[in-house]
Amino acid sequence: MASIIPLLTEFEKQSISERQPLPEKYLGLSDAEMEVRIAAARRALGSRLVILGHHYQRDEVIRFADYTGDSFRLARQIASRPEADYIVFCGVHFMAESADVLCAPHQKVILPDLAAGCSMADMAAPEQLETCWEELAQMGLAPRESSGTSAVVPVTYINSAASIKAFVGERGGTVCTSSNAAATLRWAFERGERILFLPDQHLGRNTAYKMGIPLDQMVVWDPDEICGGLDPDQVRAAKMILWKGHCSVHTRFTARQIEGVRQQHPGVRVIVHPEVPWDVVQAADDSGSTEYIIKTVSNSPEGSVWAVGTEVHLVNRLAQQLAPGRTVLSLDQFGCLCSTMFRVSPNHLLWILEELLESRVHNQVTVSADQKHWNRVALDRMLSIT
Ligand code: 13P
Ligand code: SF4
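Worth saying up front: this structure is predicted, and the values here are computed from it rather than measured. (Residues numbered from 1 in each chain as written. Chains lettered and ligands numbered in written order. Predicted model: local features only at pLDDT ≥ 70, side-chain atom pairs only at ≥ 80, totals over all residues. Heavy atoms only, no water.)

Undergrad: A description of the pairing of strand 13 (residues 327-330) should follow, citing residues and the corresponding values.
TA: Note that strand 12 (residues 305-309) and strand 13 share four bridges and pair parallel. Residue pairing across strands places Val305 opposite Thr327, the latter belonging to strand 13. (Pairing = 2+ DSSP bridges. Helix = DSSP H or I, 4+ residues; strand = E, 2+ residues; numbered from the N terminus.)

Undergrad: Give a detailed account of the nonpolar core, specifying residues and quantitative values.
TA: Counting 104 residues, the largest nonpolar core has Val88 and Leu353 as its most contacted members. In contact with Val88, not counting residues within four places along its chain, are Leu49, Val50, Ile51, Leu52, Ile110, Pro112, Leu349, Ile352, Leu353 and Leu356. Ranked by size, the runner-up nonpolar core spans 23 residues in total, among them Trp133, Leu136, Met139 and Ala238. (Core = buried A, V, L, I, M, F, W, Y, C linked by side-chain atoms within 4.5 Å. Buried < 20%, exposed > 50% of the residue type's maximum accessible area, 1.4 Å probe, protein only. Contact = heavy atoms within 4.5 Å.)

Undergrad: Report on the pattern of salt bridges, specifying residues and quantitative values.
TA: Pairs can form between side chains of opposite charge whenever their charged atoms are close. Across all of its chains, the model carries 21 salt bridges by this definition. Members of the salt-bridge network, linked through shared partners, are Glu33, Arg37 and Glu354. (Salt bridge = Lys/Arg side-chain N within 4 Å of Asp/Glu carboxyl O.)

Undergrad: Now, about the site of ligand 2: what can you tell me, with residues and values included?
TA: The full set of residues close to ligand 2 is Tyr56, Cys118, Ser119, Met120, Asn159, Cys247, Val249, His250, Glu275 and Cys338. Grouping the amino acids of the shell around ligand 2 by side-chain chemistry returns six nonpolar, three polar and one charged. (Near = heavy atom within 4 Å. Nonpolar A, V, L, I, M, F, W, Y, C, P; charged D, E, K, R; others polar.)

Undergrad: So what's going on with helix 7 (residues 162-170)? Residues and values would help.
TA: Quick reminder: α-helices carry 3.6 residues per turn. Residues three or four places apart thus point the same way. Burial of helix 7 is extensive: eight of the nine residues sit out of reach of the surface. Among the residues of helix 7, Ala162, Ser163, Ile164, Lys165, Ala166, Phe167, Val168 and Gly169 are the ones counted as buried. Once helix 7 ends, the next one or two residues include Gly172, with phi positive near 80°.

Undergrad: Give me the site of ligand 1: which residues, what numbers.
TA: In the vicinity of ligand 1, the contacting residues are His54, Tyr56, Asp70, Ser71, Tyr157, Asn159, Ser178, His250, His273, Glu275, Ser289 and Thr290. The separation between an oxygen atom of ligand 1 and a polar side-chain atom of Ser71 is 2.9 Å. Within the side chain of His273, an N or O atom sits 2.8 Å from an oxygen atom of ligand 1. Here the residues of the shell around ligand 1 are counted per class, giving two nonpolar, eight polar and two charged. (Polar contact = N/O pair within 3.5 Å; in protein donor to acceptor, adjacent residues only side chain to side chain.)

Undergrad: Go over the pairing of strand 3 (residues 86-90), please, and point to the residues and values.
TA: Across the five residues that make up strand 3, a large majority, five, are buried. Neither face of strand 3 is open: one carries Tyr86, Val88 and Cys90, the other Ile87 and Phe89, and all of them are buried. Here strand 1 (residues 49-54) runs beside strand 3; their pairing, made up of five bridges, is parallel. Each bridged residue has a counterpart across the sheet, and for Leu52 the counterpart in strand 3 is Phe89. Where the polypeptide runs from strand 3 across helix 5 (residues 93-102) and back to strand 4 (residues 108-110), its parallel neighbour, the crossover connection is right-handed. (Right-handed = clockwise from strand over helix to strand, strands pointing away.)

Undergrad: Break down the environment of Ala284 for me, with residues and values.
TA: Looking at where Ala284 falls in the secondary structure, it is placed in the loop between helix 12 (278-283) and strand 11 (286-287). According to the relative accessible area criterion, Ala284 is buried, its value standing at 11%. Considering only alpha carbons, one finds Ala284 and Ala307, 23 residues apart in sequence, at a separation of 9.3 Å. Residue contacts for Ala284: discarding those within four places in its chain leaves Ile258, Arg262, Val270 and Val272.

Undergrad: Residue-level account of the sheet that holds strand 13, with values.
TA: Taken in spatial order, the four strands make up an open sheet running 11-10-12-13, and their pairing is parallel. Each of the sheet's edge strands pairs with one partner strand only, and the pair in question is strand 11 and strand 13. Judged from the four bridges that link them, strand 10 (residues 269-272) and strand 12 form a sheet pairing that is parallel. Of the residues in strand 12, the one forming a bridge with Arg269 is Trp306.

Undergrad: Go over the packing of helix 13 (residues 290-298) against helix 14 (residues 312-322) with me, naming the residues and quoting the values.
TA: The N-to-C vectors of helix 13 and helix 14 enclose an angle of 30°; their axes lie 11 Å apart at closest approach. By the angle class used here, helix 13 and helix 14 are roughly parallel. In the crossing of helix 13 with helix 14, the sense of the turn from one axis to the other is right-handed. Across from Thr290, Ile293, Ile294, Val297 and Ser298 in helix 13, the residues of helix 14 making contact are Leu314, Leu318 and Leu322. (Axes fitted to C-alpha atoms, helices over the stretch in contact; angles between N-to-C directions. Parallel < 35°, antiparallel > 145°, perpendicular 65-115°, else oblique. Left-handed = near helix turned anticlockwise from the far one by under 90°.)

Take a look at the structure:
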């Protein structure tokens, strides 16, 4: 009987082959003991170490970060500490890959648990993108070498594998984050007639709609269907070709939840991350990256009440620490957890740091030499667009 061999993404291949699991002696430690030992290891490593923490990390981890931020801000921090030998990235795999591309050659980037991936990033495999690009060419949307503008400019969200970023960089495209997505689309429309946006259809749709592009000028490309499941005329008429990918955390938010929270808390303001579906952004008062959400809520008038549609650790931190004098609720009453961000535990952080003290490096993330150049091109374009 024929067996089906699953297609592994770059990330899955690397994690399976190289992931070093947490040694047993690091299990079952008390919070207090871990806190003391992490602080001691961090002190001993001094300026040889820099810890970056994404806003979705747990409190027990993020409190040790030298820099916290959204994807854009963290990517910008990489160049600020060239003296550090080790960059410990408390976040997910695509963030650590970008750090490896942007850091100095002597620096090592470590993701405390290599299984901390991103389900959205896994929704775009390089083979699928190559097929898509060929099929677009068959539809008459091939890149134009001679003229100043292209038929299609590829733009990938930073939440994608290094192989995808390299592909995009090599074809005149760029990377965007949730904080510079609108500027990136403007940049791309100056260079081409339409945009292939991947992997998050929602960020692409929400951003383009906010810029005035109507929904009927956007199509969804399903990488599991021949020609994306689309008629060539539909694709040629579109301004935005949106890859059929999504975030499983943010697609749990609904317009109905917003209706409910408005009934329960009259006067509440609702702010969501742009990875939520389009109708949820329409029903909310505001949307933006994690950094934008923090700034907006913490700078709002004292006494304001907010319902926030993003990952639960950030919502709880806003409620408890970052926005004193404001009431902050989760839009989803059960709170949406990113289970891969959660994989980075204080136990992992402690193990990684104590091993570094012995000059042992575990769970290093490296982008292959053949992909580094075009990744760098794509990420440098991203950093220049604000
Ligand atoms: P930010 O860049 O807004 O922090 O978002 C990253 C992310 O993964 C959101 O799900
Ligand atoms: Fe990926 Fe969603 Fe988690 Fe962000 S919240 S890291 S997009 S799975």
